[in-house]
Amino acid sequence: MIDASLRRQLAALRPDAGIVILTGAGISRESGLHTFRDADGIWRQVRLDEVATPQAFARDPARVQGFYNARRRAVLDPAVQPNEAHRALVRLEQAWTGPFLLVTQNVDDLHDRAGSDRLLHMHGELLKIRCGACGRMERYENDLAADAICPDCGARGTLRPHIVWFGEMPLHLAAIGDALSDCGLFLSIGTSGQVYPAAGFATEARMAGALTVEINLEPTGGLFDAGLYGPATLTVPAFVDGLLEAAR
C-alpha cells in the first residue's frame, strides 16, 4: 500500500526525528461515530450556531446541553470502541524512539481508550465538563441539566461541556506549535483540512523541513508530500508498519 517513493522518504528519516500526528473525525468513523461534514454528518442535522457557540449556550442552554448529552451517550455506547487505526498509532508511539505527539480534533475518548499517552485534545473532551464561573473540571458520563449546580462554587447553570465551541480558541496551541517547529514527520489522518488553525499545521511542518503525509478516504487538496487513501483501519496500520520497517 505504501509506494516505493514514500518508502524511500520514510527510510531517510532520522531515528530520533520528531513525529506529529493530527487526527480528525475520519479516524473514528469506523468505530461508529458520525463525522461532521459528510452528507449525513452532524452539521447536516443541526445548525452549528444553534448548539456549538457560546452565544447558543447563553440563548438556549437546555438545547445545547441536550445536543451534547446525546453525543455523550453515543460515545459511551458499548458498540463504539477504538479501531485498528487507533491501536496502530499506540503501537507507533510505543515503538518510536524520537519525540512523538498525537493531536486530535476529536472530542471522543477513543485514542485515550486505545492507550495513547502523548496525546492532546485541541478541541476539548466530550466526557469532561467544566464550570464557566470557577473553572472546575471533571470527567462526566451522565446527562447534564441546564440548571445544574457547580459543586465547588455553587453557581447554577454554569456547567458546560469541555468543548471548544466555534468562536473559542483551540487548546494547547503553544505546545503543538513547538512540536511542529521541530518535527521530521507530520501525519494528517481523517481530517478535512478545512478548519484553522489545524488546517495550517501541514504548512508549519513543511516550513520546518518535515515530510508531510496525508491519510484519508480521498485527497483534500492540501500541500502534502505524499498520501495514502482508503479506510483508516487499513491505511493507518499499513503506514505504521511501513514506517517502523523503514526505521529499522
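Each remark here, short or long, concerns the structure printed above.
What counts as what
- Every residue gets a number counted from 1 within its own chain, in the order that chain's sequence is written.
- With the structure being a predicted model, the display of local features is reserved for residues of pLDDT at least 70 and the display and counting of side-chain atom pairs for 80 or more, all residues being used for whole-chain, interface and lining totals.
- Note that water and hydrogens are dropped before the side-chain values are worked out from all heavy atoms of the structure.
- The helix and strand labels rest on DSSP assignments: H or I over at least four residues marks a helix, E over at least two residues marks a strand, and numbering proceeds from the N terminus.
- Radius of gyration: over C-alpha atoms. The globule rule applied is 2.2 Å multiplied by the number of residues raised to the 0.38 power.
- Categorising residues by exposure relies on relative accessible area from a 1.4 Å probe, with only protein chains included: less than 20% of the type maximum marks a residue as buried, more than 50% marks it as exposed, and the intermediate range marks it as partly exposed.
- Every residue pair with non-hydrogen atoms within 4.5 Å of one another is taken to be in contact.
- For the area figures, the Shrake-Rupley method with a 1.4 Å probe applies, and any residue is considered shielded solely by the protein chains shown.
- Being paired, for any two strands, means DSSP has found at least two bridges between them.
- Axis definition: a line fit to C-alpha positions, over the contact stretch in the case of helices; interaxial angles, taken between N-to-C directions, run 0 to 180 degrees.
- The definitions used throughout rest on a 1 Å grid laid over the protein atoms alone, on which a cavity is an enclosed set of points accommodating a 1.4 Å probe that cannot get out and a pocket is an open set flanked by protein within 12 Å on both sides along at least five of seven lines; lining residues are those having an atom within 4 Å of a point.
- Grid points are joined across faces, edges and corners, and a volume is the space filled by probe spheres set on the points.
- Here a pair means two rings of Phe, Tyr or Trp (six-membered ring of Trp) with centres within 6.5 Å. Their orientation is stacked below 30 degrees between planes, edge-to-face above 60, and tilted elsewhere.
- Only lysine NZ and arginine CZ atoms are considered, and such an atom sits over a ring when it is within 6 Å of the ring centre and within 35 degrees of the ring normal.

Concerning the overall build of the protein
Right, on to step 1. Across its full length, the protein carries 10 helices and 9 strands.
Right, on to step 2. The C-alpha atoms of the protein give 19 Å as radius of gyration, which agrees with the globular expectation for 248 residues (18 Å, within 12%).
Right, on to step 3. Dimensions of the protein, computed from C-alpha atoms along their principal axes, come out at roughly 60 × 35 × 30 Å.
Right, on to step 4. A total of 248 residues make up the protein; the buried ones form 49% of that total.
Right, on to step 5. A sequence separation of at least 24 residues applies to 66% of the contacts in the protein between residues at least 6 apart.
Right, on to step 6. In the structure as shown, the protein presents an accessible area of about 11600 Å², 51% of it carried by carbon and sulfur atoms.

Details of the sheet that holds strand 1 (residues 19–23)
Right, on to step 1. Strand order across the open sheet formed by 6 strands is 3-2-1-7-8-9, with parallel pairing between neighbours. In this open sheet, the two strands that pair with only one neighbour each are strand 3 (119–121) and strand 9 (226–229). Strand-to-strand twist in this sheet, taken as the mean axis angle between neighbours without regard to direction, amounts to 15°.
Right, on to step 2. Note: strand 7 (residues 185–189) against strand 8 (residues 211–216), 5 bridges, orientation parallel. Looking at strand 8, one finds that Leu-185 is bridged to Leu-211.
Right, on to step 3. Along the sheet, helix 1 (residues 4–11) makes contact with strand 8 and strand 9, crossing strand 8 at roughly 130°.
Right, on to step 4. Sheet strands touched by helix 8 (residues 173–180): strand 1, strand 2 (100–104), strand 3 and strand 7. Its angle to strand 2, the strand with the most contacts, is close to 135°.

A closer look at the environment of Gly-154
Right, on to step 1. Structurally, Gly-154 can be placed in the loop between strand 5 (137–139) and strand 6 (159–163).
Right, on to step 2. As for Gly-154 and Leu-102, which are separated by 52 residues in sequence, their C-alpha atoms are 36 Å apart.

Examining unusual backbone geometry
Right, on to step 1. A positive phi angle, close to 65°, is found at His-172, a residue other than glycine.
Right, on to step 2. Secondary-structure assignment places His-172 in the loop between strand 6 and helix 8.

Topic: the layout of surface pockets
Right, on to step 1. Its boundaries defined by the atoms lining it, the second largest pocket holds a volume of some 230 Å³.
Right, on to step 2. What lines the second largest pocket is a set of 20 residues, and nearest its centre among them are Gly-193, Ala-199, Ala-202, Gly-222 and Phe-224.
Right, on to step 3. Put simply, the parts of the chain that give the lining of the second largest pocket at least two residues each are strand 7 and helix 9 (201–207).

Considering the environment of Leu-211
Right, on to step 1. Mapped onto the elements of the fold, Leu-211 is located in strand 8.
Right, on to step 2. Judged by its relative accessible area of 9%, Leu-211 falls in the buried class.
Right, on to step 3. As a C-alpha pair, Leu-211 and Gly-184 span 27 residues in sequence and 6.1 Å in three-dimensional space.

Structural notes on the packing of aromatic side chains
Two descriptors summarise a pair of aromatic rings, namely the distance from one centre to the other and the angle between the planes of the rings.
Right, on to step 1. Counted under the stated rule, the structure contains 3 aromatic pairs.
Right, on to step 2. Ring centres 5.4 Å apart and planes at 45° place the aromatic pair Phe-57 and Trp-165 in the tilted group. With a gap of 108 residues between them, Phe-57 in helix 4 (residues 54–59) and Trp-165 in the loop between strand 6 and helix 8 connect regions that are remote in the sequence. Each member of the pair Phe-57 and Trp-165 is classed as buried.
Right, on to step 3. The rings of Phe-57, Phe-67, Tyr-68 and Trp-165 are connected pair by pair, giving a single aromatic cluster.
Right, on to step 4. The cationic tip of Arg-160 hangs over the ring face of Trp-165; the distance from NZ or CZ to the ring centre is 3.7 Å.

Details of the sheet that holds strand 6
Right, on to step 1. The strand order 5-4-6 describes an open sheet built from 3 strands, whose pairing is antiparallel. If you trace the sheet from one side to the other, it starts and ends with strand 5 and strand 6, each paired once. Going across the sheet, the axis of each strand differs from the next one's by a mean of 40°, ignoring polarity.
Right, on to step 2. In this sheet, strand 6 lies alongside strand 4 (residues 124–131) in antiparallel orientation, the contact comprising 5 bridges. Across the sheet, the residue bridging to Gly-124 is Ile-163, located in strand 6.
Right, on to step 3. The strands touched by helix 5 (residues 61–75) are strand 4 and strand 6; relative to strand 4, the strand with the most contacts, the crossing angle is about 135°.

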